[in-house]
Amino acid sequence: MTETNYISENLDMVQKKIKEAAARAGRNPEDITLIAVSKTKPVLMLQEAYDAGQRVFGENKVQEILEKEPVLPEDISWHMIGHLQRNKVKQVIGKAAMIHSVDSLRLAEEIEKEAAKQDILCSILIEINIAAEESKYGILPEEAPAFAKQLSAFPHLRVKGLMTVAPFTENPEENRKYFRKMQQLAVDIKQKNIDNICMETLSMGMTGDYEIAIEEGATMVRVGTGIFGERNYNK
Ligand SMILES: *Cc1c(COP(=O)(O)O)cnc(C)c1O
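Scoring rules and cut-offs
- Residues numbered from 1 in each chain as written.
- Predicted model: local features only at pLDDT ≥ 70, side-chain atom pairs only at ≥ 80, totals over all residues.
- Heavy atoms only, no water.
- Buried < 20%, exposed > 50% of the residue type's maximum accessible area, 1.4 Å probe, protein only.
- Helix = DSSP H or I, 4+ residues; strand = E, 2+ residues; numbered from the N terminus.
- Pairing = 2+ DSSP bridges.
- Near = heavy atom within 4 Å.
- Polar contact = N/O pair within 3.5 Å; in protein donor to acceptor, adjacent residues only side chain to side chain.
- Core = buried A, V, L, I, M, F, W, Y, C linked by side-chain atoms within 4.5 Å.
- Contact = heavy atoms within 4.5 Å.
- Phe/Tyr/Trp six-rings, centres within 6.5 Å; stacked < 30°, edge-to-face > 60°.
- Lys NZ or Arg CZ within 6 Å of the ring centre and 35° of its normal.

(A) Seen up close, the pairing of strand β5 (residues 122-128). In terms of burial, β5 is a largely internal element, 7 of the 7 residues being buried. Side chains Cys122, Ile124, Ile126 and Ile128 project from β5 onto one buried face, and the interleaved Ser123, Leu125 and Glu127 project onto a second face that is buried too. Direction of pairing for strand β4 (residues 96-102) relative to β5: parallel, over a ladder of 2 bridges. By the bridge assignment, Ile99 is partnered in β5 with Ile124.

(B) How the structure looks around the site of the ligand. Looking at the ligand, the residues that line it are Val37, Lys39, Ile81, Met163, Val165, Met206, Thr207, Arg222, Val223, Gly224, Thr225 and Arg231. Residue Gly224 places a main-chain N or O atom 2.8 Å away from an oxygen atom belonging to the ligand.

(C) The nonpolar core, seen in detail. Core analysis: the biggest nonpolar cluster contains 65 residues, and Ile99, Ile111 and Leu162 have the highest contact counts within it. The biggest single contributor to this core is helix α1 (residues 3-24), with 6 residues. Contacts of Ile99, omitting those with residues within four sequence positions, involve Met80, Leu84, Val92, Ile93, Ile111, Cys122, Ser123, Ile124 and Leu125. Core analysis: the next-biggest nonpolar cluster, separate from the first, contains 8 residues, Ile35, Val56, Ile81 and Met163 among them.

(D) A look at the side chain of His79. The topology assignment puts His79 in strand β3 (residues 77-80). Non-local contacts of His79, meaning those with residues more than four positions away in its chain, are made with Ile35, Val56, Phe57, Gly58, Glu59, Ile65, Ala97, Met98, His100 and Met220.

(E) Structural detail: the packing of aromatic side chains. In total, this model carries 1 aromatic pair according to the counting rule given. Considering the side-chain rings of Phe57 and Trp78, the 5.9 Å spacing of their centres and the 35° angle between planes classify their relative orientation as tilted. Of this pair, Phe57 sits in strand β2 (residues 56-59) while Trp78 sits in strand β3; the two residues are 21 residues apart in sequence, bridging distant segments of the chain. Among the residues examined, Trp78 registers a relative accessible area of 3% and is labelled buried. Positioned above the aromatic ring of Tyr50 is the side chain of Arg55, whose terminal nitrogen or guanidinium carbon lies 3.5 Å from the ring centre.

What follows is the structure, given as structure tokens:
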């Protein structure tokens, strides 16, 4: 079997599971965006996914967006989902439809500066370290409302919601409590009616746990392995 077949079959399967999870939660599947996480994968594989109808891709390195974006169709929207260093901001502003990983005031300041230079509005999410893991990036949940307030002062940022990378676990049910906590946190922040801050987007759920994330309110799921197969970082 060629790679073509398996990518489009995987996409169909993931879309089907998204619909089923949405149905279980009484949600409209159209309110959930599938981000195909294509990090480390060659453009040929992204093209296969594109040909199967996929238009939203996620990368965790600025360099990979810069390499892939010019050689793939223009109607792809690129999401920056990985940790972003301030010295890379300049290159990714205007290329990424959304930056999911804003987790410090200094990074937000840099994004504001570059977006202002280019005279564009930059859509961002606040990354939350929902399980307060040592190893993870993100703002602690209890600090998120104050952080949102700080971000509202930046005229070229548009805060669209929250993102998290839930703990790695064999049993996705264990992450349900964290996804629920994310949804509650979004509601709490929304209720504060902060200028320029909207909480319509909840980016959470990966290959192992996206169905549970959808049941708990995810509006964007980031699926890599489930579409493109395992990643090989050693080649
Ligand atoms: C790699 C990555 C994903 C996708 O992970 P899979 O388990 O392969 O689906 C999602 N989100 C982020 C931030 C990632 O870095």
